[in-house]
Every structure is written in C-alpha cells, then in structure tokens.
Amino acid sequence: MSSTAPATNGGTSVSSSVNGDAAGGVSNTAYEVEFRDVGRSFAATSKGRAAKGPARTVLRDVTLTVEPGEVLAILGTSGCGKSTLLRIAGGLDQPSVGSVRIDETPVSGIDTRTAVGFQEPRLLPWRTLTENVTLGLPAGTPKAEGRERVARLLELVGLAGSANLRPREVSGGMAQRASLARALARNPGVLLLDEPFGALDALTRLKMQDLLLEIHSAAPTTVLLVTHDVDEALQLADRVVLLGREEGVEGATIQQLLTVPGARPRDRGSAELAELRARLLAGLGIDRHGASRGIPTGTTIPHYPY
Ligand SMILES: Nc1ncnc2c1ncn2[C@@H]1O[C@H](COP(=O)(O)OP(=O)(O)OP(=O)(O)O)[C@@H](O)[C@H]1O
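Predicted model only: the values in this text are computed from it and were never measured.

A. Structural context of the packing of helix α3 (residues 143-156) against helix α4 (residues 172-185). α4 packs onto α3 with a crossing angle of 140 degrees between their chain directions and a minimal axis gap of 9 Å. In terms of orientation, α3 and α4 fall into the oblique class. Handedness of the α3/α4 crossing: right-handed. In this structure, α3 contributes Arg-149, Val-150, Leu-153 and Leu-154 to the contact, and α4 contributes Ala-181, Leu-184 and Ala-185.

So, in structure tokens, the structure goes:
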C-alpha cells in the first residue's frame, strides 16, 4: 500500500497522507504498524562475551496493530523490553520469533519509513541546529526543498531564532526540540520515541508534551512512545500498552491495552484519567492510589482484546 492510498485497518479507513504544505512543511505520512507474535531472546553473555547457558527471553507473544496516525504509549517496568520492542519496529533489532509489518510490508533491516528520537538529543556538537536538522532529510532531497523544509521544521519546534546556534549554545529542551525536528525531517511514516523527554526538567517536559501534540496535529504520523511516566502516556496517547511479566513466565508481553478517552489536550484532573492512572500504576506494581479507589493491591488487571 502506498503512503498516499487510504490505509484500511479493522474496517476503519484512514487517509494516510495530506499536502505537506498544509502541515507546515511536514508531509504527514502515517503507517500502520503490526506486531505479530513478536518474541526476542538474547544469548547469555558473560563480561560482554557469549557464554554457555540458555538464551534469556525478554519479550514474548507481542501481537498488536497500531493504527495509522495513532499515538501509542508503551509503559512497563525498567528492563521489561520497551526499547527492544521499539528497536524491532524500526528494524534496529530483529525479533527472534514473529514479525513486524509497516504499511503491510515486512520490516527487515533499518527501516527508512521510521525515524527514532532518543532521550539524549544526539546532535553533532560542531554543527548548527539547521545543519543538524538537515542531516535528517532523506537522501536525494533537492537542496532548495530541503532548506525550506528544515526552516519550517525549526519554526514548528520554536527554534527559528536559534537556527544558527550550536548545541552547546542552547538549553537541553531546545536541543531536544532540534532532535525532534531532525527526526521529522525524514518525513517518517512512523515516529519512534524512546523516553524523549526523560532527561528534561518537569516544566520543560510538560512544554515538550504540548509541543508533541502540536506537531502531531500538524503532521499526524503514527507515533510509538516509550515512557516511564504514566501521566505522560495518558496525556499524549490514544492507547497505552503496558508490558510486563507474569509470575513464573520468562519474557514480558502485553498485560494491558487501554484506550484513553477524550480529545487532547486532556484534563489531567479528570476522574476517568484518574481511574486509568490507578489501573496502570497497579499494573506496574505501584498501588498508591489504587487501594483508595477500590482496586486492592495485587489485583490482576484483565487482558484487553487487541
Ligand atoms: N543487544 C542485547 N544483548 C543482550 N541483552 C540485551 C540487548 N538489548 C537489550 N538487552 C536486555 O533486554 C532487556 C530489556 O532491555 P530494554 O532496554 O528493551 O528494556 P526497557 O524496558 O526499555 O528498559 P528501561 O526502561 O530501563 O530503559 C534488558 O535486560 C537488557 O539488558
């Protein structure tokens, strides 16, 4: 299926591309991502060397379809395989079993339909912000078109006035915005964000969340967002997937898949979100609020159909 054809998924049809100019220079391709029975095991290692012993299963039986243009947040305790799942989606890692398809074609090797944003901005220190964002453009982009796209992206992330500064001359939040612009420069059909705001102070983090929502409404690409922050997930995502392990079973899989109600930006204080927050926290093994809402500690969260 081409990026300009309507994508059909589960009976819903989503137009997956609109005029790039209407999106502030960011053409908004949006692809479906389908994980089918994905599992990942790693060989046992000892001091970085392969060691004898059974492989360790990190992920198992992950089956999930992310709709074109959807924002899916991936939550889970540290080390449960969130980044691994994201890397598999972008072809940076391969599943040991199962498969991933983007826009109905298999992912094999680094997939140029995706772009990745990390916790650290990973900008080249000797290059200006403009030059760093330019690095994200697809190979072969005509010069004039690329220049215009980069300028529009810098404007979109509020960095038009800082385009000629180098990373050390800007704040951490600004560097992270430049990093987001570089990822968008590729015009990804799937944006993979691994704790993108995790290293920022609380206020900058909230501003970045708002910025991501603005970017997504200007260019509604599919977003997979790994986060440790339940509130961030509830604020940004259409659905939240919670990865976790069941007792006695090796490897994390989907424990919960929740649809977050309400249009964004959402009222952080709403009762509906409070209930979802309590369920997710309980699923993460944190029951601070659950007990007071009638969710006893240790409650098994039911699996949701996916
Ligand atoms: N290339 C690799 N070789 C061996 N083990 C790996 C490799 N990549 C990941 N792992 C292991 O897989 C497990 C899951 O790692 P991953 O980074 O996906 O977890 P995570 O949920 O993103 O963690 P965190 O929240 O702490 O970032 C970890 O135990 C990690 O050590």
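B. A look at the domain arrangement of the protein. Assigned domains within the protein: domain 1 (7-113 + 190-293) and domain 2 (123-187). In terms of residue class, the side of domain 1 that touches domain 2 is made up of ten nonpolar, five polar and one charged.

C. Quick peek at the sheet that holds strand β13 (residues 239-244). Read from one edge to the other, the open sheet built from six strands follows the order β10-β11-β12-β7-β13-β14, with strand pairing classed as mixed. Among the strands making up the open sheet, the edge pair consists of β10 (114-117) and β14 (253-259). If you compare each strand with its neighbour and ignore which way they point, the axes differ by 20 degrees on average. In this fold α4 packs onto β10 and β11 (190-194), with an angle of close to 170 degrees to the strand it touches most, β10. The sheet strands contacting helix α7 (residues 271-283) are β7 (71-76), β13 and β14, and the helix crosses β14 at an angle near 175 degrees.

D. Structural view of unusual backbone geometry. Here the amide bond leading from Arg-264 into Pro-265 is cis, since omega sits at -5 degrees, within 30 degrees of zero. Position of Pro-265 relative to the elements: it lies in the loop between β14 and α7. Of note, the phi angle at Asp-103 is positive, near 50 degrees, even though the residue is not glycine. Relative to the helices and strands, Asp-103 resides in the loop between β8 (97-102) and β9 (105-106). Its identity is not glycine, yet Glu-104 carries a phi of approximately 70 degrees, on the positive side. Structurally, Glu-104 can be placed in the loop between β8 and β9.

E. Expanded view of the site of the ligand. Looking at the ligand, the residues that line it are Phe-42, Val-58, Gly-76, Ser-78, Gly-79, Cys-80, Gly-81, Lys-82, Ser-83 and Thr-84. If you tally residues by element for the shell around the ligand, the top one is helix α1 (residues 82-89), at three residues.

F. Looking closely at the nonpolar core. Ranked by size, the top nonpolar core spans 66 residues in total, and within it Ala-73, Ile-74, Ala-89, Ala-181, Leu-224, Leu-225 and Val-240 carry the most contacts. The two domains that each donate at least three residues to this core are domain 1 (7-113 + 190-293) and domain 2 (123-187). Those residues in contact with Ala-89 that lie beyond four places of it in its chain are Val-33, Val-100, Val-107, Thr-114, Val-190, Leu-192 and Leu-224.

G. Here's a closer look at α7. The end-to-end C-alpha separation of α7 is 18 Å, in line with the 18 Å expected for 13 residues at 1.5 Å each. For α7, the set of buried residues is Leu-276, Ala-278, Arg-279, Leu-280, Ala-282 and Gly-283. For α7, the elements touching its buried residues are β7, α6 (230-236), β13 and β14.

H. Structural view of the sheet that holds strand β3 (residues 33-42). On the basis of which strands lie adjacent, the open sheet formed by four strands has the order β6-β3-β8-β9 and antiparallel pairing. Only two strands of the sheet have a single neighbouring strand rather than two, namely β6 (56-66) and β9. Pairing geometry for β8 and β9, over two bridges, is antiparallel. Pairing of Arg-101 across the sheet is with Pro-106, part of β9.

I. Representation of the pairing of β3. Where β3 meets β6, seven bridges bridge the pair, whose relative direction is antiparallel. Across the sheet, Glu-34 pairs through a bridge with Thr-65, a residue of β6. Direction of pairing for β3 relative to β8: antiparallel, over a ladder of five bridges. Bridge pairing links Arg-36 to Ser-99 in β8.

J. Spotlight on the environment of Ser-99. Relative to the helices and strands, Ser-99 resides in strand β8. C-alpha separation for the pair Ser-99 and Val-38, spaced 61 residues apart in sequence, amounts to 5.8 Å. For Ser-99, the residues in contact, after removing those within four places along its chain, are Arg-36 and Pro-106.

K. Region of interest: the pairing of strand β12 (residues 222-226). Along β12, five of the five residues are buried, which leaves the element largely enclosed by surrounding structure. Alternating residues of β12 divide into Thr-222, Leu-224 and Val-226 and Val-223 and Leu-225, and every residue in both groups is buried. The sheet contact formed by β7 and β12 spans four bridges and is parallel. Across the sheet, Leu-72 pairs through a bridge with Leu-224, a residue of β12.

L. Just the environment of Glu-67, in detail. Residue position: Glu-67 is located in the loop between β6 and β7. The partly exposed category is assigned to Glu-67, around which 19 C-beta atoms lie within 10 Å. It is 29 Å that separates the C-alpha atoms of Glu-67 and Thr-204, two residues lying 137 residues apart in sequence.

Parameters at a glance
Residues numbered from 1 in each chain as written. Predicted model: local features only at pLDDT ≥ 70, side-chain atom pairs only at ≥ 80, totals over all residues. Axes fitted to C-alpha atoms, helices over the stretch in contact; angles between N-to-C directions. Helix = DSSP H or I, 4+ residues; strand = E, 2+ residues; numbered from the N terminus. Parallel < 35°, antiparallel > 145°, perpendicular 65-115°, else oblique. Left-handed = near helix turned anticlockwise from the far one by under 90°. Contact = placed C-beta atoms within 7 Å. Domains from an automatic or database assignment. Nonpolar A, V, L, I, M, F, W, Y, C, P; charged D, E, K, R; others polar. Pairing = 2+ DSSP bridges. Near = placed C-beta within 6 Å. Core = buried A, V, L, I, M, F, W, Y, C linked by C-beta atoms within 7 Å. Buried ≥ 20, exposed ≤ 12 C-beta atoms within 10 Å, placed from the backbone. Expected span 1.5 Å × (residues − 1).

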